[in-house]
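Residues per chain, in single letters:
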Amino acid sequence: MDTATAIPANQASEKKIDKPRNFLDIRDFSHEELLYIIELTEKIKKGELDVTKVLSNKHFGLLFGSASTRTRVSFQVGIRQMGGFAEHLSTADLQLSNHENIKDTSAVLGRFLDGLIVRLYDMDQYGQGRENLKLISRYANIPIISALDDKDHPCQVMADLFTLKEKFGPEYKKKKLVFTWAYAERQKSPGVPHSMLSAASMLGMNVTFAHPKGFDLDKEYVEYAQAKIGASGGHLSFSNDLMEASENADVIYAKSWKAMYIPKEEEYKLRNKVRPYWTVSERHFKVANKGALFMNCLPIIRGEQATTEVIDRPDSILYDEAENRLHAQKAILYHLYKQ
Ligand code: CP
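Residues numbered from 1 in each chain as written. Predicted model: local features only at pLDDT ≥ 70, side-chain atom pairs only at ≥ 80, totals over all residues. Heavy atoms only, no water.

Per an unreviewed UniProt entry, the protein chain carries the name Ornithine carbamoyltransferase and comes from Fulvivirga imtechensis AK7. The record held by UniProt for the protein chain lists under Sequence similarities (unreviewed entry) the comment "Belongs to the aspartate/ornithine carbamoyltransferase superfamily." (UniProt positions renumbered as here; feature names shortened; annotations may be inferred.)

Set out below in structure tokens:
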């Protein structure tokens, strides 16, 4: 779906409607709320909190403009486990595909549903996905939860934070997390690194972002994190050398993202040029701390973002990370909907 052409420009200037709370950007939530969601996630996973009726008789739509395995299925299962109903709404099957605009679609869905989980982005127009989520929020007037847009992936990062705490205990913030760009053939959203940058700087984590020159993250997120990190007691650094960054790492998290400031054709050439240095391999784990963990939000193609050896190493926690999407999203829903 080309959502950009489906939305007349003048819609953006219409009157703002008071709306329920959304979950679009980590920075919209406080430090205390992030810690609370992590704590809730732990209780829910351990079965210490009964959430089975929190969404009783509530109906959710999963409005997805692109493919998903983890986000879609974990929300469908999680909402059902909380007593609610979840319907997958592929944009290809809605009248959006016949040029019904976002305003009409959102306003109507808002009359039927109690919440929308939305994945929309267009890799050619950075920021348009987020604008569309805001338009849906304005017209649907129900909570909108981001299932990944072109700026953030807050649900993924809440699950990642919990996974780190689960593996390391309360000291997880002190562990050296190397969040690295890694080669992928497919262009991917920078949503995960942006959300991690925000969360790490708010919570006071020890994080190094590594990427080749040209794959810098959005300046707005970098400046936000640099302003926050001092007061939170964390450590934030950036590197253009993955081998150097990996030294003494406790976690190496591989993730590909699109270069935001380079035209598509040039970016493709640059990605292929840097590939030999930016596939996570055992070489990187040799200089990391003993027992260092490997993380990736999945999907991953073996041999692209990381070697098969790394993906299948005993300290690879990809499936725990994926499972925790379910528990973390139930915690987010609890936080948004519990009366
Ligand atoms: N990590 C993640 O969002 O996976 P899906 O694209 O399968 O939802």
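Past the structure itself, the notes keep going.
S.K.: Sorry if this is basic, but what is going on with the packing of helix α3 (residues 70-81) against helix α13 (residues 318-337) here?
M.R.: A pair of packed helices is characterised by two quantities: the angle between their axes and the separation of those axes. Look at α3 against α13: their axes get within 9 Å of each other, and the N-to-C directions meet at 50°. Between α3 and α13, the interaxial angle falls into the category oblique. Note on packing geometry: the crossing formed by α3 with α13 is right-handed. Here Arg70, Thr71, Ser74, Phe75, Val77, Gly78, Ile79 and Gln81 of α3 lie close against α13, whose contacting residues are Ala322, Arg325, Leu326, Gln329, Lys330 and Leu333. In the contact of α3 with α13, the residues fall into 6 nonpolar, 5 polar and 3 charged. (Axes fitted to C-alpha atoms, helices over the stretch in contact; angles between N-to-C directions. Helix = DSSP H or I, 4+ residues; strand = E, 2+ residues; numbered from the N terminus. Parallel < 35°, antiparallel > 145°, perpendicular 65-115°, else oblique. Left-handed = near helix turned anticlockwise from the far one by under 90°. Contact = heavy atoms within 4.5 Å. Nonpolar A, V, L, I, M, F, W, Y, C, P; charged D, E, K, R; others polar.)

S.K.: Would you mind going over the packing of aromatic side chains with me for this structure?
M.R.: A ring pair, where both rings are aromatic, is described by two values, the distance of the centres and the angle of the planes. Summed over all chains, the structure comprises 9 aromatic pairs. Taking the centre distance of 4.5 Å and the plane angle of 25° together, the rings of phenylalanine 179 and tyrosine 253 count as stacked. Of this pair, phenylalanine 179 sits in strand β5 (residues 176-181) while tyrosine 253 sits in strand β8 (residues 251-255), and the two are 74 residues apart along the sequence. Looking at tyrosine 253, the relative accessible area reads 0%, which means it is buried. For the ring pair tryptophan 181 and tryptophan 278, a centre distance of 6.3 Å and an interplane angle of 75° mean the geometry is edge-to-face. (Phe/Tyr/Trp six-rings, centres within 6.5 Å; stacked < 30°, edge-to-face > 60°. Buried < 20%, exposed > 50% of the residue type's maximum accessible area, 1.4 Å probe, protein only.)

S.K.: What is the right way to read the sheet that holds β8 from this model?
M.R.: Sheet strands pair via backbone hydrogen bonds, and the direction of the pair is either parallel or antiparallel. Judged by pairing direction, the sheet is parallel, and its 5 strands sit side by side in the order β7-β6-β5-β8-β9 without closing on themselves. Edge strands, defined here as strands with exactly one partner in the open sheet, are β7 (235-239) and β9 (293-295). The average angle at which neighbouring strand axes cross in this sheet is 20°, direction not considered. Bridge count for β5 against β8 is 5 bridges, and the pairing is parallel. The residue of β8 that forms the bridge with phenylalanine 179 is tyrosine 253. (Pairing = 2+ DSSP bridges.)

S.K.: I would appreciate a short explanation of the UniProt feature "domain: Aspartate/ornithine carbamoyltransferase carbamoyl-P binding" (unreviewed entry) in the protein chain in the present structure.
M.R.: UniProt tags residues 21-166 as "domain: Aspartate/ornithine carbamoyltransferase carbamoyl-P binding" (unreviewed entry). Span residues 21-166 is 45% helix and 14% strand, its end C-alpha atoms 28 Å apart.

S.K.: I keep staring at the site of the ligand and nothing clicks. Help me out?
M.R.: Taken together, Ser68, Thr69, Arg70, Thr71, Arg119, His153, Gln156, Cys297, Leu298 and Arg325 make up all the residues around the ligand. Between arginine 70 and the ligand, the recorded distance is 2.9 Å, taken from a backbone N or O atom to an oxygen atom. Considering the ligand on its own, with 250 Å² of exposed area, one finds that the protein chains cover 93% of that surface. By residue class, the composition of the shell around the ligand is 2 nonpolar, 5 polar and 3 charged. (Near = heavy atom within 4 Å. Polar contact = N/O pair within 3.5 Å; in protein donor to acceptor, adjacent residues only side chain to side chain. Areas by Shrake-Rupley, 256 points an atom, 1.4 Å probe, with all protein chains shown as cover.)

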